Amino acid sequence: MNYMSRTASLEIDGKKYEFPLVKGTENEYAIDIKTLRGVTNGITTIDPGYKNTGSCESAITFLNGEEGVLRYRGYAIEDLAEKADFLEVAYLLIFGELPTKEELEKFHTDIKAQSHVDEDVKKIIDGFPKSAHPMGVLSSLTSALVAFNPSSVNVDSEEEMYNAICRILGKFPVLTAWAYRKRAGLPLDYGDDSLGYVDNFLKMMFKKPSGEYTSNKVIVDALDKLLILHADHEQNCSTSTVRIVGSSQAGLFVSISAGINALWGPLHGGANQAVIEMLEAIKEDGGDTKKFMAKAKDKSDPFRLMGFGHRVYKNFDPRAKIIKKSADAVLEDLGVDDPVLDIAKGLEKEALEDQYFVDRRLYPNVDFYSGIIYRSLGIPVEMFTPMFALGRLPGWIAQWREMRLRKEPIGRPRQVYIGETYREFKPIGKR
Ligand code: CMC
């Protein structure tokens, strides 16, 4: 830790305690309270939702929510979305540097070598009802991978870590595509290793049993960009889950499976599905955005404007800006006219001018426009959150690896107990 000469002092019952301040490379300060319970005889902190709590030091992603800045390993998200491809960004996130041409080629070759899953996995998929949500199928299959690859990874061996990383990056797109194909009633199929990572994924999703798959550069590029924008976002709910599960020294695949479940919720990755469902509902209802704005502001109504607001961004989510631009371009390129895009733009304009949203600094987030692009690429709505998972996979891997290499202690928060104090046991006849 980079300790400063500055300290923070805390006074409890007239007694003063000093705590050191640590400073990050972007000049962010944090009070290091590691010794708090010890020196104060058991006093702890309480911070539901961890709104003020840093859980770790990390060198992967920098996010400044006030200014709307997002960088992976120091590189601006805008540059990466425009100039890099998804595998390059995955390599950068996981290993810390942009790959050379040779490193990238080797990475892709090593991932391709792992792009098969045991045929018995198909029997597990057979056991799911067709109606199963693909996020549930995906998290189950990711856990099941352990059964087919049981040896644990020695995290101190660079080679073993590298192989485990290639294994999950190779198999995850297959599982994601299969979760969709099961639901769509299509035979489970493999892709084509001669294609790029994203192109191959699209082939695995959409190749019809009797037809050829034809690559569409507009679709491949748009999906590549979306995956880059989702690739990491520092200590969000699913990433923190991956780190905390991994901190018990549980393996990479099961930690990622836990992250998939955390991502599924509508306040996190599940928002992309919820946004399109909301926009559709507004359309069905006659397109009256004002009515839905009023619902979102009504404290007695649980409805929230999905795709708006963010725990960290109190300014435009930079990912949303890129996605909005790209939605216009992709829809035009593909010749798609989606009426919900107009509803989304109208809703955004109203919300940005509305005092309730202005006061709370609620801006569109990454999920507000992503569903519109997914839909124009032919991806069905229940696959939106699995697409987020596919994009977030490199981030989860990078964060898990960092946590293990830094030998972080097991995650185990404290609580303030508010239940009954000691009670004498009552035998069943006396209750
Ligand atoms: N619609 C209406 N009101 C909202 C919304 C919204 N989307 N988001 C926040 N608020 C209000 C909230 O009611 C509260 O008002 P008050 O101060 O009067 O009680 C205030 O704004 C602060 O909200 P909060 O719930 O305390 O903020 P949070 O940091 O705990 O929650 C959030 C962040 C993303 C869960 C929340 O903004 C939300 O539910 N948004 C909708 C779901 C969504 O789009 N999620 C995707 C997040 S981005 C993708 C990802 O990285 O996961």
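Calculation rules
- Residues numbered from 1 in each chain as written.
- Predicted model: local features only at pLDDT ≥ 70, side-chain atom pairs only at ≥ 80, totals over all residues.
- Heavy atoms only, no water.
- Helix = DSSP H or I, 4+ residues; strand = E, 2+ residues; numbered from the N terminus.
- Rg over C-alpha atoms; globule rule 2.2 N^0.38 Å.
- Buried < 20%, exposed > 50% of the residue type's maximum accessible area, 1.4 Å probe, protein only.
- Contact = heavy atoms within 4.5 Å.
- Areas by Shrake-Rupley, 256 points an atom, 1.4 Å probe, with all protein chains shown as cover.
- Phe/Tyr/Trp six-rings, centres within 6.5 Å; stacked < 30°, edge-to-face > 60°.
- Lys NZ or Arg CZ within 6 Å of the ring centre and 35° of its normal.
- Axes fitted to C-alpha atoms, helices over the stretch in contact; angles between N-to-C directions.
- Parallel < 35°, antiparallel > 145°, perpendicular 65-115°, else oblique.
- Nonpolar A, V, L, I, M, F, W, Y, C, P; charged D, E, K, R; others polar.
- Core = buried A, V, L, I, M, F, W, Y, C linked by side-chain atoms within 4.5 Å.
- Pairing = 2+ DSSP bridges.
- Near = heavy atom within 4 Å.
- Polar contact = N/O pair within 3.5 Å; in protein donor to acceptor, adjacent residues only side chain to side chain.
- 1 Å grid on protein atoms, 1.4 Å probe; cavity = no way out; pocket = protein on both sides within 12 Å on 5 of 7 lines; lining within 4 Å.
- Points joined across faces, edges and corners; volume = space filled by probe spheres on them.
- Patch = residues over 30% accessible without salt bridge, like charges linked within 9 Å, V, L, I, M, F, W, Y side chains within 5 Å.
- Salt bridge = Lys/Arg side-chain N within 4 Å of Asp/Glu carboxyl O.

A. Highlighting the overall build of the chain. Regarding its fold elements, the chain presents 18 helices and six strands. Since a compact globule built from 431 residues should have a radius of gyration of about 22 Å, the 23 Å found for the chain is in line with a globular shape. Based on the C-alpha atoms only, the size of the chain along its principal axes is roughly 75 × 65 × 55 Å. Out of the 431 residues belonging to the chain, those deemed buried represent 48%. Considering only contacts within the chain whose residues lie at least 6 apart along the sequence, 70% involve residues at least 24 apart. If you sum the accessible surface of the chain, you get close to 21900 Å²; carbon and sulfur atoms cover 51% of it.

B. How the structure looks around the packing of aromatic side chains. Going through the model one piece at a time under the given rule, you end up with 15 aromatic pairs. Relative to tyrosine 363, the ring of phenylalanine 316 has its centre 5.2 Å away and its plane inclined at 55°; by these criteria the two rings are tilted. Remark: tyrosine 363 occurs in the loop between helix H16 (355-359) and helix H17 (367-376) and phenylalanine 316 occurs in the loop between helix H13 (289-297) and helix H14 (318-334); sequence separation between them is 47 residues. Given a relative accessible area of 22%, phenylalanine 316 falls into the partly exposed group. Under the relative-accessibility criterion, tyrosine 363 is labelled partly exposed at 24%. Across the ring face of tyrosine 29, the terminal group of arginine 6 is positioned such that the distance to the ring centre comes to 4.3 Å. Over the ring of tyrosine 356 we find arginine 360, and its NZ or CZ is 3.8 Å from the ring centre.

C. Fine view of the environment of aspartate 110. For aspartate 110, the location among the structural elements is in helix H4 (residues 101-112). Between the alpha carbons of aspartate 110 and tyrosine 162 there is a distance of 9.3 Å; along the sequence they are 52 residues apart. Once residues within four sequence positions are removed from consideration, aspartate 110 is found in contact with Tyr162 and Cys166.

D. Structural detail: the packing of helix H12 (residues 271-284) against H17. The N-to-C vectors of H12 and H17 enclose an angle of 80°; their axes lie 8 Å apart at closest approach. Overall, the two elements H12 and H17 adopt an arrangement that is roughly perpendicular. Residues Ala271, Asn272, Val275, Ile276, Met278, Leu279 and Glu280 of H12 pack against Asp367, Phe368, Ser370, Gly371, Ile372, Tyr374 and Arg375 of H17. Classifying every residue of the contact of H12 with H17 by side-chain character gives eight nonpolar, three polar and three charged.

E. Just the nonpolar core, in detail. By size, the foremost hydrophobic cluster in this structure holds 117 residues, and its most contacted members are Tyr72 and Leu305. Those residues in contact with tyrosine 72 that sit more than four places away from it in its chain are Ile60, Thr61, Ile77, Leu80, Val89, Leu92, Leu93, Ile228, Leu229, His230, Ala231 and Asp232.

F. Structural detail: H17. Most of H17 sits inside the fold, with nine of its ten residues counted as buried. Residues Asp367, Phe368, Tyr369, Ser370, Gly371, Ile372, Ile373, Tyr374 and Ser376 constitute the buried set of H17. Of the residues trailing H17, glycine 378 is marked for its positive phi of about 90°.

G. Molecular detail of the pairing of strand S1 (residues 3-12). As judged from the seven bridges shared by S1 and strand S2 (residues 15-23), these two strands associate in the antiparallel manner. When the sheet's bridge partners are listed, leucine 10 is paired in S2 with tyrosine 17. Between S1 and S2, which follow one another and run antiparallel, lie two residues, and aspartate 13 among them has a positive phi close to 50°.

H. Broad picture of the site of the ligand. The local shell around the ligand holds 22 residues, among which His268, Arg304, Leu305, Gly307 and Arg311 are the closest. Taking leucine 305, its main chain carries an N or O atom lying 2.8 Å from a nitrogen atom of the ligand. When the ligand sits alone it has 930 Å² of accessible area, and the protein chains cover 79% of it. Taken together, the residues that form the shell around the ligand break down as ten nonpolar, six polar and six charged.

I. Focus on the layout of surface pockets. A volume near 250 Å³ is recorded for the second largest pocket. For the second largest pocket, the lining is made up of 16 residues, of which Ser151, Ser152, Val153, Gly251 and Leu252 are closest to its centre. Elements with a minimum of two residues in the lining of the second largest pocket: helix H7 (158-184), helix H11 (252-264) and helix H18 (384-405). In terms of residues, the lining of the second largest pocket owes the most to one element, H11, which gives three residues. Residues of the lining of the second largest pocket, tallied by class, amount to nine nonpolar, five polar and two charged.

J. Representation of the sheet that holds strand S4 (residues 61-64) in the model. Strand order across the open sheet formed by three strands is S4-S5-S6, with antiparallel pairing between neighbours. At either margin of the open sheet sits one strand with a lone partner, and together these are S4 and strand S6 (75-76).

K. Summary view of a nonpolar patch on the surface. Side chains of Ile46, Val416 and Ile418 sit close together on the surface and give an oily, nonpolar patch of about 350 Å² of accessible area. Residue placement: isoleucine 418 occurs in the segment after H18. Taking the relative accessible area as the measure of exposure, isoleucine 418 reaches 77% and is therefore exposed.

L. Spotlight on the pattern of salt bridges. Under the definition given, this model contains 27 salt bridges. Between glutamate 105 and lysine 101 there is a salt bridge, with the nearest N and O atoms lying 3.1 Å from each other. Taken together, the positions of glutamate 105 and lysine 101, both in helix H4 and four residues apart, correspond to about one turn of that helix. Exposure remark for glutamate 105: the relative accessible area of 46% places this residue in the partly exposed category. With a closest N to O distance of 2.8 Å, lysine 345 and aspartate 328 form a salt bridge. Note that lysine 345 is positioned in helix H15 (residues 339-353) and aspartate 328 in helix H14, a separation of 17 residues in sequence. On the basis of relative accessible area, lysine 345 is assigned to the partly exposed category, the value being 30%. Overall, the relative accessible area of 31% leaves aspartate 328 in the partly exposed class. Taken together, the salt bridges that share partners define one network made up of Glu57, Arg243, Glu402, Arg406 and Glu408.

No statement about biological role is implied by the geometric values presented.
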